[in-house]
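# Understanding the architecture of this molecule
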Amino acid sequence: MKPFRFRATVNGRPVDLPVDPRRRLLDVLREDLGLTGTKEGCGEGECGACTVLLDGRPVNACLVLAPEAAGCDITTIEGVAVEGRLHPIQEAFLEAGAVQCGYCTPGMILAAKALLDKDPRPTDQAIKTAVSGNLCRCTGYVKIVKAVRLAAARLAREEGAV
Amino acid sequence: MKKRGIGVGCMWYGIGNTGAPNPAGAFLDFLEDGTVLVLTGCADIGQGSSTALAQIAAGELGVNIEDILVVAGDTGVSPDAGATSASRQTYISGNAVLLAARQAKEVLLQEAAGVLGAAASELGLGGGYVWRGGERTPVTVKDILARCRQKGKLTLGSGWFNPLTTGLDEAGQGVPYATYSYATQVAEVEVDTETGKVSVLRLAAAHDVGRAVNPQAVEGQIEGGCLMGIGYALLEEVKVDRGRVGNPRYAEYILPMSLDAPEIHAIIVEDPEPTGPYGAKGVGEPALIPTAAAIANAVADALGVRFYDLPVTPEKILAALTAEGDHKSPDE
Ligand code: FES
Ligand code: FES
């Protein structure tokens, strides 16, 4: 099929490249843009490993066709750290021990970011609900919830300091 | 109606198979700038072995963990460490790394002994310094490394560990493991007698790990094991239909997810194992072994009916309650 011009903003940078419209956003990110931090687990919208933010909303990149993401503001895990400094959510995941094999982690962190961007003081139940589309086979979610709680507290403090 | 119950599950589990050869090796190079390179065949699949092995090397050589570089599971350069299975790597590769570190340390201590006019056996390493009889000397590890290099001495070590292979007799009996891990878990559940749904409210999981090299990672293993155990107890079932897996996707093969995760209290019990590195044993599999038993016992406690077939699904619970009800008068 004839390629179309995929124009979007990925991690704050404009992207413009020819893409076969049958391809998934996941493939464009991983293969064309080399952003392999986004993982493919199931490839059918069940595990959340491929979670990215599309205009701030978490989506499964394996279920989004490239044309659907055209014109959008896309954030992958590579865009979460700012100028080489880890995002407070990433710091919190490290500190709380919320990463074991790490396969679910990029998706978890983006799901958490989407939550904290709109609900800076979530309850544990809200955290669990926000990551309920992200399966983790290693942890018991205890430290993941703890990490998000910790990140929320830190972000609130940073906010207060500004 | 919602009924609550509490159940207990206990287990013991062999660590360090001795029925068949079970070795692991490690190489270590204490470089001049203070970096320690550790080569191990031990594949870290998320359990945190690379971190634990780095801690063991750092502990023995008295350096910071940041100075340890672990190259793990690269068959091109690393010695064999066997599989990451059987909850064996902390115990077996941990010992291999400890022995490799001791060998390199011995070279340093011999050199330091010459400098301090002491016997190597009185000396130790810690915080980047050479210690003598429990007191810090002004001599740094880097001084000693530099002196070694001036003489053309390398500070290398290699180690391997194999729990004594005893083999088993024709009946498959003997001494199958070098050591054992022990655990007890307690589950509190709530069963909805109308829908048959079981909610695990709380789990307490006490595990004797010998010595927790990295307590946070051990907790992570225990919590993860508990959640997997909930899946085993209540949800996960491979349906095989004429040789094919009938439910090969997460929408059909249900894993516990974040909303199913109960409060989990991981309790680390440390009864050091004399043959383990710093007393450590293993926790990987033990973490999930008693969970299903604890949950099934809690369900039995709540309902007064026992289940002998996992997973204990709502269908099985409703069928059992109906059968139970058939034996009772309606107003009982
Ligand atoms: S890979 Fe997209 S949801 Fe699993
Ligand atoms: S850390 Fe391994 S799947 Fe979540």
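Residues numbered from 1 in each chain as written. Chains lettered and ligands numbered in written order. Predicted model: local features only at pLDDT ≥ 70, side-chain atom pairs only at ≥ 80, totals over all residues. Heavy atoms only, no water.

## Digging into the overall build of chain A
What counts, and what does not: A helix here means a DSSP run of H or I that spans at least four residues, while a strand means a run of E at least two residues long, and both kinds are numbered starting from the N terminus. Partly exposed describes any residue whose relative accessible area lies between the buried limit of under 20% and the exposed limit of over 50%, with all areas from a 1.4 Å probe on protein chains only and scaled to the type maximum. Contacts between residues were defined by any pair of non-hydrogen atoms, one from each residue, lying within 4.5 Å. The sign given to each residue is positive for Lys and Arg and negative for Asp and Glu; His and the chain ends receive no count. Note that the charge is assigned to NZ on lysines, CZ on arginines, CG on aspartates and CD on glutamates.
Assigned secondary structure in chain A consists of 6 helices and 5 strands. For chain A, the α and β elements follow one another from N to C terminus as β-β-α-β-β-α-β-α-α-α-α. Dimensions of chain A, computed from the C-alpha atoms along their principal axes, are close to 50 × 35 × 25 Å. Per-residue burial for chain A yields a buried fraction of 47% across its 162 residues. Long-range pairs, those at least 24 residues apart, make up 55% of the contacts in chain A between residues at least 6 apart in sequence. If you average the places of the 21 positive and of the 20 negative side-chain charges in chain A, the two averages end up 3 Å apart.

## Overview of the layout of surface pockets
Residues and elements named next belong to chain B. This is how it is decided: Only protein atoms enter the 1 Å grid used here. Points where a 1.4 Å probe fits but cannot escape make up a cavity, open sets with protein on both sides within 12 Å along at least five of seven lines make up a pocket, and a residue lines them when an atom lies within 4 Å of a point. Grid points are joined across faces, edges and corners, and a volume is the space filled by probe spheres set on the points. When residues are grouped by polarity, Ala, Val, Leu, Ile, Met, Phe, Trp, Tyr, Cys and Pro land in nonpolar, Asp, Glu, Lys and Arg in charged, and all others, Gly among them, in polar.
Quantified by volume, the largest pocket comes out at close to 690 Å³. Taken together, 34 residues form the lining of the largest pocket, with Q47, Q221, V283, G284 and E285 sitting closest to its centre. Within the residue set of the lining of the largest pocket, elements represented by two or more residues are α1 (49-61), α2 (89-116) and α4 (215-235). Looking at side-chain class alone, the lining of the largest pocket contains 13 nonpolar, 16 polar and 5 charged residues. For the second largest pocket, the calculated volume is near 500 Å³. Those elements that provide at least two residues to the lining of the second largest pocket are β10 (198-208), α4 and α6 (314-326). With 4 residues, β10 is the largest single contributor of residues to the lining of the second largest pocket. The residue makeup of the lining of the second largest pocket, split by class, is 14 nonpolar, 4 polar and 8 charged.

## Examining the domain arrangement of chain B
Residue and element names in this part refer to chain B. Quick reminder of the rule: Just so you know, the domain bounds were taken from an automatic or database domain assignment. Put simply, buried area is the surface a 1.4 Å probe can reach on two separate parts but cannot reach once they are joined, added for both. When a carboxyl oxygen of Asp or Glu lies within 4 Å of a side-chain nitrogen of Lys or Arg, that pair is called a salt bridge. Whenever two N or O atoms come within 3.5 Å, that pair is a polar contact, provided that in protein one can donate a hydrogen and the other can accept it, and provided that, for residues adjacent in sequence, both atoms are side-chain atoms.
Segmenting chain B into domains produces domain 1 (2-14 + 182-327) and domain 2 (24-159). For domain 1 and domain 2, the distance between their C-alpha centres works out to 39 Å. Counting residues at the interface gives 18 residues for domain 1, matched by 15 residues for domain 2. For the pair domain 1 and domain 2, the summed buried surface comes to about 1100 Å²; carbon and sulfur atoms form 54% of the total. Viewed at the interface, domain 2 and domain 1 are joined by 0 salt bridges. Where domain 1 packs against domain 2, one counts 7 residue pairs in polar contact (both at pLDDT 80 or more).

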